[in-house]
Every structure is written in C-alpha cells, then in structure tokens.
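Listed here are the chains, written in short residue letters.
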Amino acid sequence: MDSIELEFTVELRKDVAGRVGIKAWVVTAGADASRGRADTHRVKLTLSPKDAATGRALEIGSADRGGTAGFTRPPSVR
C-alpha cells in the first residue's frame, strides 16, 4: 500500500436574523428578516504511512489467515 486517501466536506455557515415590531394594545405590527451564508469546502488528504524506525513504507496485510489460539484464557486455578 503506497498511500491512504481521506476526503471529506466541511460547511461553514453564518446566519443573521433580526426582528422589529410595535405592539399597541390589540394591534401588532412587525417584520422579520434573516440572511445566511454557507461556504462548502472539500478537503482531501493523502497520507503515506512509514515505519518510524526505518523510514520505509509499511507492509500491511499478511497471507497468514491467523487463528484464535492466543485469545483464550487459561483455566483459573482454585
């Protein structure tokens, strides 16, 4: 494996809202307003994993399918 690619989208959003109104006994007059802005950014990262000790590319994976022998607990001694 030479590299790992990560891609994601980030949205930055700013909303502004305001209200103006007059109220006199039973009569109400008012106005609402809102405005918004959204910016969407796509970010892509390419990572190249290296062995910290040798600086060589990491070898990921194995032809050995493995087993579960090392995952069992020894019987408790009483």
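Our structure is the block above this text.
Residues numbered from 1 in each chain as written. Predicted model: local features only at pLDDT ≥ 70, side-chain atom pairs only at ≥ 80, totals over all residues. Heavy atoms only, no water.

Remarks on the overall build of the protein
Part 1: Scanning the protein from N- to C-terminus turns up zero helices and two strands.
Part 2: Within the protein, the fraction of its 78 residues that count as buried is 1%.
Part 3: For the protein, restricting intrachain contacts to residue pairs at least 6 apart in sequence, the fraction spanning at least 24 positions comes to 60%.
Part 4: Accessible area for the protein stands at about 8,100 Å²; split by element, carbon and sulfur atoms hold 54% of it. (Helix = DSSP H or I, 4+ residues; strand = E, 2+ residues; numbered from the N terminus. Buried < 20%, exposed > 50% of the residue type's maximum accessible area, 1.4 Å probe, protein only. Contact = heavy atoms within 4.5 Å. Areas by Shrake-Rupley, 256 points an atom, 1.4 Å probe, with all protein chains shown as cover.)

Examining the environment of Ala 31
Part 1: Structurally, Ala 31 can be placed in strand β2 (residues 27–47).
Part 2: Taking the relative accessible area as the measure of exposure, Ala 31 reaches 44% and is therefore partly exposed.

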